[in-house]
Amino acid sequence: MRAPALGLVCWALLGSTVALATEWSVRPSCAGVANCFTNPMGSTMVNGRTVSLAGRWSFFQPGDVLVIYPAANGAAWLPTGALSGAPALNIDGARGTAAAPIKVMAAANQVVKLGQGLNITNGTQHVQVSGLDITDPRPGRHGVVIDGGSSDIVLKTNRIHDAAINGLNITPAAGPRLMIGPDNVLVNNRGNGAAIGPSGLNPSTNAIGSYFTGNTVMGNGRHGVSSEASYWSIERNQVLGNGALVGGTSGIHLFSPSDNAGPDCDGNLVAYNYVNGQQDSQQADGNGIQVDHFCDYNIVAFNVA
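The sections below set out a description of the structure shown in this document. Computed from a predicted model, the values in this text were never measured in an experiment.

Criteria and thresholds
Residues numbered from 1 in each chain as written. Predicted model: local features only at pLDDT ≥ 70, side-chain atom pairs only at ≥ 80, totals over all residues. Heavy atoms only, no water. Helix = DSSP H or I, 4+ residues; strand = E, 2+ residues; numbered from the N terminus. Rg over C-alpha atoms; globule rule 2.2 N^0.38 Å. Buried < 20%, exposed > 50% of the residue type's maximum accessible area, 1.4 Å probe, protein only. Contact = heavy atoms within 4.5 Å. Areas by Shrake-Rupley, 256 points an atom, 1.4 Å probe, with all protein chains shown as cover. Lys, Arg positive; Asp, Glu negative; His and termini not counted. Charge placed at Lys NZ, Arg CZ, Asp CG, Glu CD. Core = buried A, V, L, I, M, F, W, Y, C linked by side-chain atoms within 4.5 Å. Pairing = 2+ DSSP bridges. Axes fitted to C-alpha atoms, helices over the stretch in contact; angles between N-to-C directions. Disulfide = S-S within 2.5 Å. Salt bridge = Lys/Arg side-chain N within 4 Å of Asp/Glu carboxyl O. Polar contact = N/O pair within 3.5 Å; in protein donor to acceptor, adjacent residues only side chain to side chain.

Here the focus is the overall build of the protein chain. When you go through the protein chain residue by residue, the secondary structure sums to 1 helix and 30 strands. Here the protein chain has a C-alpha radius of gyration of 21 Å; the compact-globule value for 305 residues is 19 Å, and the two agree. Expressed along its principal axes, the backbone C-alpha trace of the protein chain runs to roughly 75 × 50 × 30 Å. Taken over 305 residues, the protein chain has a buried fraction of 48%. Of all intrachain contacts in the protein chain linking residues separated by at least 6 positions in sequence, the fraction that spans at least 24 positions is 74%. Approximately 13700 Å² of the protein chain is accessible, and the part contributed by carbon and sulfur atoms is 55%. Of the charged side chains in the protein chain, 15 are positive and 18 negative; the average position of the first set lies 14 Å away from that of the second.

Shown next as structure tokens:
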């Protein structure tokens, strides 16, 4: 008679402490599907109130998942109506936890295209984005932007391509503990494949806490990886054939935005990268890997250039 009682106690304790995650989705048609949006910047009704992916993501709870299905006829997702000038997906203030991150992902075995980029902003924390095909060819636009103090972000297995400026643009205003990789492909962007701006210092450990790792960076117009940041690990990447549009660029380039001995582009680790085929038809400044003036205390080791 004791076993059932113990089982009920354990079930009661479990039920009181473990919240059930919600699966949300973006689909061309939401007929008969709960928690569904018909556009990555769309709205839906939940328990009598409207929630919108175009606004704050405060209705997402730790552990929730947003699965994005392909747009109709295989086209790219684009915002509609008054939002037509916005990014295709704007992750605004989503708050996961280390134990239960919020996941945004493409539906399994599907090619899911975002035709006007992805922004991660406004203090977003503990969010993972994976499996998406992202571009933004509009003048002045990047493929993916991380800013607004967003921290603990993971980008993996995404294809980021053909943006008007940088494929990935991580602004100096972004937060710490960013993981870019593995298995992103940043290809044919007119600017840099990736531009890195914020400090990668992990304030809880006072050591390197942000990583650009295991990615393919190929055929971009400027630098493959351009970094003005400190305390990043740039490691185990394939950086191939970049720099075709602008002279004096490098496969991996560290530089000081202040152009003085201030605390920027310091303390980075550049290791185990394969850099090949850098293009430079206009100037004699570009290299496979370049650590520019006023970048201090960096380690460059075990690369093939």
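Attention now goes to the nonpolar core. Nonpolar side chains in soluble globular proteins tend to end up buried together. If you look at the biggest cluster of nonpolar residues, it comprises 54 residues, and the most contacted ones within it are Ile91, Leu168 and Phe212. Looking at which element gives the most residues to this core, the answer is strand S7 (residues 102-106), with 3 residues. Not counting the four nearest positions on each side in its chain, Leu168 is found in contact with Val144, Ile146, Leu155, Ile160, Ile180, Leu186, Gly193, Ala194, Ala195 and Phe212.

What follows concerns the sheet that holds strand S25 (residues 238-240). Reading across the sheet, the 7 strands line up as S8-S11-S14-S17-S22-S25-S28 and stay open at both edges, with parallel pairing between neighbours. The sheet is open, and its two borders are formed by strand S8 (112-114) and strand S28 (274-276), each paired with just one other strand. Here the strands of the sheet are splayed against their neighbours by 10 degrees on average, with no regard to which way each runs. In this sheet, strand S17 (residues 185-187) lies alongside strand S14 (residues 159-161) in parallel orientation, the contact comprising 3 bridges. Bridged to Arg159 within S17 is Val185.

A complete count under the given rule lists 2 disulfides for this structure. Shown here is the disulfide that connects Cys30 with Cys36, its sulfur atoms set 1.9 Å apart. The sign of the -70 degrees torsion about the S-S bond sets the Cys30-Cys36 disulfide as left-handed. Look at Cys36 and you get buried, because its relative accessible area is 4%. A sulfur-sulfur distance of 2.0 Å marks the disulfide that ties Cys265 to Cys295.

Strand order in the open sheet made by the 11 strands is S2-S1-S5-S7-S10-S13-S16-S21-S24-S27-S30, with parallel pairing throughout. Of all the strands in the sheet, the pair left with one neighbour each is strand S2 (36-37) and strand S30 (299-301).

As a further point, take the pairing of strand S24 (residues 232-235). The two faces of S24 match: Trp232 and Ile234 on one face and Ser233 and Glu235 on the other face are all buried. In terms of strand pairing, strand S21 (residues 210-213) meets S24 through 4 bridges, oriented parallel. Paired with Phe212 across the bridge in S24 is Ile234. Pairing geometry for S24 and strand S27 (residues 269-271), over 3 bridges, is parallel. Across the sheet, residue Ile234 finds its bridge partner in S27, namely Val270.

Further remarks concern the environment of His126. Relative to the assigned elements, His126 resides in strand S10 (residues 125-130). With 29 residues separating them in the primary sequence, His126 and Thr97 have C-alpha atoms 5.4 Å apart. Apart from the residues within four sequence positions on either side, His126 is in contact with Gly96, Thr97, Ala98, Pro101, Ile102, Ser151 and Asp152.

Our next topic: the pattern of salt bridges. The full count for this structure, using the stated rule, is 4 salt bridges. The partner of Arg138 in a salt bridge is Asp136, with the nearest N and O atoms 2.8 Å apart. Assessed through its relative accessible area of 19%, Arg138 is described here as buried. Asp136 gets classed as buried once you look at its relative accessible area, which sits at 2%.

This part takes up the side chain of His142. Relative to the helices and strands, His142 resides in the loop between strand S11 (132-134) and strand S12 (144-146). Within polar-contact distance, the side chain of His142 engages the backbone nitrogen of Asn166 at 3.1 Å. Excluding residues that lie within four positions of it along the chain, His142 makes contacts with Asp136, Ala163, Ile165, Asn166, Gly167 and Asn169.

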